[in-house]
Amino acid sequence: MKYFILFGPPGAGKGTQAGAMVEKYNLKHISTGELLRSEIAAGTELGLKAKALIDAGSLVPDEVVEGMIESKFNTVKDVNGFLLDGFPRTIAQAEALDKMLEGRGESVTGVVSLMIPDEMIKERIAHRAAIEGRADDANIETINNRIKTYHEKTEPLIAFYQEADKYYEVESMGTIEEVRELVFSVMDNL
Ligand code: ADP
């Protein structure tokens with residue numbers, strides 16, 4: 001099994017690129033953001049707790065997303081691997097993922113990182129807000145806090161995966177098709 005991580009700041013285009021990636025390489029797409037939004041839509045207790053944190057631009061607790069990921073690993077079959085989108089988002093989550101995979105005799109295949117400069121993040125999110133209507137895209141304070149959370153908690157993962165020699169960065173400023181080709185050229189070699 002391949003275990004790809006799709007990495008990048010909010011608005012970098014992870015959700016946009018994920019579809020083509022899972023199709024080409026026969027992967028199961030696991031987006032923790034989407035899983036959390038469906039818990040919210042279903043009105044579960046977990047969803048209610050997550051909503052307050054997501055609306056504030058904060059992260060939900062590590063254990064919550066780790067549990068979601070592990071249950072997918074346990075149940076999804078008939079694919080060549082997984083595309084993790086929005087996970088891991090903290091060093092603790094990355095360490096938990098390594099442990100989960102170690103227990104299965106597996107390891108992270110590679111991290112495909114979509115990079116955009118900070119000033120583009122808000123532009124992209126504003127554009128998406130108009131299309132998708134996500135509550136956490138609509139409020140400027142939430143967006144600012146998501147960017148801050150990204151820099152403080154998530155960006156340290158770059159060094160973590162560089163040290164493991166698993167980090168592959170792609171500039172995500174071009175068109176959707178241009179970025180897709182760059183992503184494919186990385187993944188073809190992993
Ligand atoms: P984006 O790509 O814009 O960052 P996501 O859909 O990946 O958005 O995530 C939306 C929100 O869900 C995050 O801001 C965070 O509150 C929560 N979330 C998603 N994944 C995680 C995670 N791995 N750990 C903690 N919180 C998460």
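The structure presented is a predicted model; accordingly, all values stated were derived computationally and were not measured. (Residues numbered from 1 in each chain as written. Predicted model: local features only at pLDDT ≥ 70, side-chain atom pairs only at ≥ 80, totals over all residues. Heavy atoms only, no water.)

Peer 1: Hey, could you run me through the sheet that holds strand β4 (residues 110-115) in this one?
Peer 2: Each strand in a sheet pairs with its neighbour through backbone hydrogen bonds, running either in the same direction (parallel) or in the opposite one (antiparallel). An order of β2-β3-β1-β4-β5 is seen for the five strands of this open sheet, with the pairing classed as parallel. The strands lining the two open edges of the sheet, one partner per strand, are β2 (27-31) and β5 (167-171). With strand direction ignored, the average angle separating the axes of adjacent strands in the sheet is 20 degrees. Here helix α4 (residues 62-75) sits on the sheet in contact with β1 (2-7), β2 and β3 (81-85), set at roughly 165 degrees to β3. (Pairing = 2+ DSSP bridges. Helix = DSSP H or I, 4+ residues; strand = E, 2+ residues; numbered from the N terminus. Axes fitted to C-alpha atoms, helices over the stretch in contact; angles between N-to-C directions. Contact = heavy atoms within 4.5 Å.)

Peer 1: Teacher, can you tell me more about the layout of surface pockets here?
Peer 2: Here the idea is plain: a probe the size of a water molecule rolls over the atoms and shows the empty space left. Computed from the structure, the largest pocket encloses a volume of approximately 1,100 Å³. Around the largest pocket sit 47 residues that line it, and Pro10, Gly11, Lys14, Arg128 and Arg134 are the ones nearest its centre. Ranked by residue count, the leading element in the lining of the largest pocket is helix α6 (residues 118-132), at six residues. Class assignment for the residues of the lining of the largest pocket results in 17 nonpolar, 19 polar and 11 charged. (1 Å grid on protein atoms, 1.4 Å probe; cavity = no way out; pocket = protein on both sides within 12 Å on 5 of 7 lines; lining within 4 Å. Points joined across faces, edges and corners; volume = space filled by probe spheres on them. Nonpolar A, V, L, I, M, F, W, Y, C, P; charged D, E, K, R; others polar.)

Peer 1: Looking at this structure, I do not really get the packing of helix α2 (residues 32-42) against α4. What am I missing?
Peer 2: Here α2 crosses α4 at 100 degrees, and the two axes come no closer than 11 Å. Taken as axis vectors, α2 and α4 run roughly perpendicular relative to one another. Counted together, Thr32, Leu35, Leu36 and Glu39 of α2 and Val64, Val65, Met68, Ile69 and Lys72 of α4 form the full contact between these two elements. Residues that form the contact of α2 with α4 fall into these classes: six nonpolar, one polar and two charged. (Parallel < 35°, antiparallel > 145°, perpendicular 65-115°, else oblique.)

Peer 1: Explain the packing of aromatic side chains to me, please; I cannot follow it from the model alone.
Peer 2: The description of an aromatic ring pair uses the distance of the two centres, along with the angle that the planes make with each other. Counted under the stated rule, the structure contains six aromatic pairs. Taking the centre distance of 5.5 Å and the plane angle of 20 degrees together, the rings of Tyr3 and Phe82 count as stacked. Highlighted residues: Tyr3 in strand β1 and Phe82 in strand β3, separated in sequence by 79 residues. Exposure remark for Tyr3: the relative accessible area of 3% places this residue in the buried category. On the basis of relative accessible area, Phe82 is assigned to the buried category, the value being 1%. A ring pair is formed by Phe160 and Tyr161, whose centres lie 5.0 Å apart and whose planes are at 80 degrees; its orientation type is edge-to-face. The structure contains a cluster of three or more aromatic residues connected by ring pairs, namely Tyr3, Phe73 and Phe82. (Phe/Tyr/Trp six-rings, centres within 6.5 Å; stacked < 30°, edge-to-face > 60°. Buried < 20%, exposed > 50% of the residue type's maximum accessible area, 1.4 Å probe, protein only.)

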